[in-house]
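Notes for the structure review
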Amino acid sequence: MTAEEAASGTDTGAPGTIGAATSAPGLRERKKQRMYQSVSDAAIALFLEKGFENVPVAEVAAAAEISKPTLFRYFPTKEDLVLHRFADHQDEAARVVTDRPARRTPLEALQRHFLDGLERRDPVTGLCDNPHVLAFQRLMYGTPSLVARMYEYQDRSERALAEALGGEALPARLAAGQIIAVQRILALENWRRIDAGESADEVWPDAVVSANRAFGRLRSGLPH
């Protein structure tokens, strides 16, 4: 998700489709995607204005001009109205590993992917100071139920990455858990510094050093 996409409420999922085959969606799928986008946009605008806990689902449905049952067909929980934007990223690490060049190890591919994200100020890396992105992230990190739901998304990321690394075997699951945790902590530290007032450009050099150091430590402890 680029800064511009996050600011406009449009997430193409580009960072999560590196090396993946793409095809134009059909009419039904395009309508479904537009519905997801319009309902989520309406919800997030209300949440940013009034606070997540202060907006009932009925108000979101009214703003989106749909019924509550229809809303819940698209978004099983209130939290998903916010976090569905991360859905395309749930198997991002797994795709990076699966689609990596033959000469690259999984860790090398994931490290390069994270560094590329820092370079383009991808919000997923936490290194983005776009005001709209920051407002969205403050909403997310400042709402306990959203943080809890985010851990469920990360659990799916771990399972997808473990499958890409070798399946259900314990070593693959342990490696996936460590990798996803490292990426999460790096992103959270970048966001914490920017939220405290530093610019993305100011944080970037340290973010690169920290990422290289973290992946280096992973490399020393995980199979290549």
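Conventions used here
Residues numbered from 1 in each chain as written. Predicted model: local features only at pLDDT ≥ 70, side-chain atom pairs only at ≥ 80, totals over all residues. Heavy atoms only, no water. Core = buried A, V, L, I, M, F, W, Y, C linked by side-chain atoms within 4.5 Å. Buried < 20%, exposed > 50% of the residue type's maximum accessible area, 1.4 Å probe, protein only. Helix = DSSP H or I, 4+ residues; strand = E, 2+ residues; numbered from the N terminus. Contact = heavy atoms within 4.5 Å. Arc of directions from axis to C-beta. Phe/Tyr/Trp six-rings, centres within 6.5 Å; stacked < 30°, edge-to-face > 60°. Salt bridge = Lys/Arg side-chain N within 4 Å of Asp/Glu carboxyl O. pLDDT = per-residue confidence, 0-100.

Grouped together as the largest cluster of nonpolar side chains are 28 residues, with contacts concentrated most on Leu110, Leu118, Leu127, Leu161, Leu186 and Phe215. Contributing elements (two or more residues each) for this core: helix H6 (92-98), helix H7 (106-119), helix H9 (144-165), helix H10 (170-195) and helix H11 (200-221). Leaving out residues up to four positions away in the same chain, Leu161 has contacts with Ala93, Ala94, Val97, Leu110, Ala176, Ile179 and Ile180. Within the second largest apolar cluster, 25 residues are counted, among which are Phe52, Val82, Phe86 and Phe136.

Residue pairs spaced three or four apart in an α-helix point in one direction, given the helix's 3.6 residues per turn. Those residues of helix H3 (residues 57-64) not exposed but buried are Val57, Val60, Ala61 and Ala64. All buried residues of H3 lie within an arc of 100 degrees about the axis, which places them on one face of the element. Elements that come into contact with the buried residues of H3 comprise helix H2 (27-50), helix H4 (68-74) and helix H5 (80-83). Count one or two residues on from H3 and you reach Glu65, which has phi positive near 60 degrees.

What follows is about the packing of aromatic side chains. The tally for this structure, following the rule as stated, stands at 5 aromatic pairs. Centroid distance Tyr36 to Phe75: 5.2 Å. Interplanar angle 85 degrees. Geometry classified as edge-to-face. Note that Tyr36 is positioned in helix H2 and Phe75 in the loop between H4 and H5, a separation of 39 residues in sequence. Judged by its relative accessible area of 24%, Tyr36 falls in the partly exposed class. The interplanar angle of 45 degrees and the centroid separation of 4.5 Å between the aromatic rings of Tyr141 and Trp191 together place this pair among those described as tilted.

The full count for this structure, using the stated rule, is 12 salt bridges. One salt bridge in this structure joins Lys50 and Glu59, with 2.4 Å as the shortest N-O distance. Owing to a relative accessible area of 37%, Lys50 belongs among the partly exposed residues under this scheme. On the basis of relative accessibility, which here comes to 25%, the residue Glu59 falls in the partly exposed class. One salt bridge connects Arg193 with Asp206, and the closest N-O pair in it is separated by 3.0 Å. In this pair, Arg193 is assigned in helix H10 and Asp206 in helix H11, connecting sequence segments 13 residues apart. The structure contains a network of salt bridges with shared partners spanning Asp80, Arg149 and Glu152.

As a further point, take the environment of Glu158. Relative to the helices and strands, Glu158 is located in helix H9. The spatial distance from the C-alpha of Glu158 to the C-alpha of Asp91 is 8.4 Å, given a sequence separation of 67 residues.

Considering every residue of the protein chain, the mean pLDDT works out to 86; 88% of them sit at 70 or more. The secondary structure element of the protein chain with the lowest average pLDDT is helix H1 (residues 3-8), at 38, and the one with the highest is H7, at 97. Within the model, the stretch residues 1-22 combines pLDDT values under 50 with 43 contacts to residues more than four positions away or in other chains.

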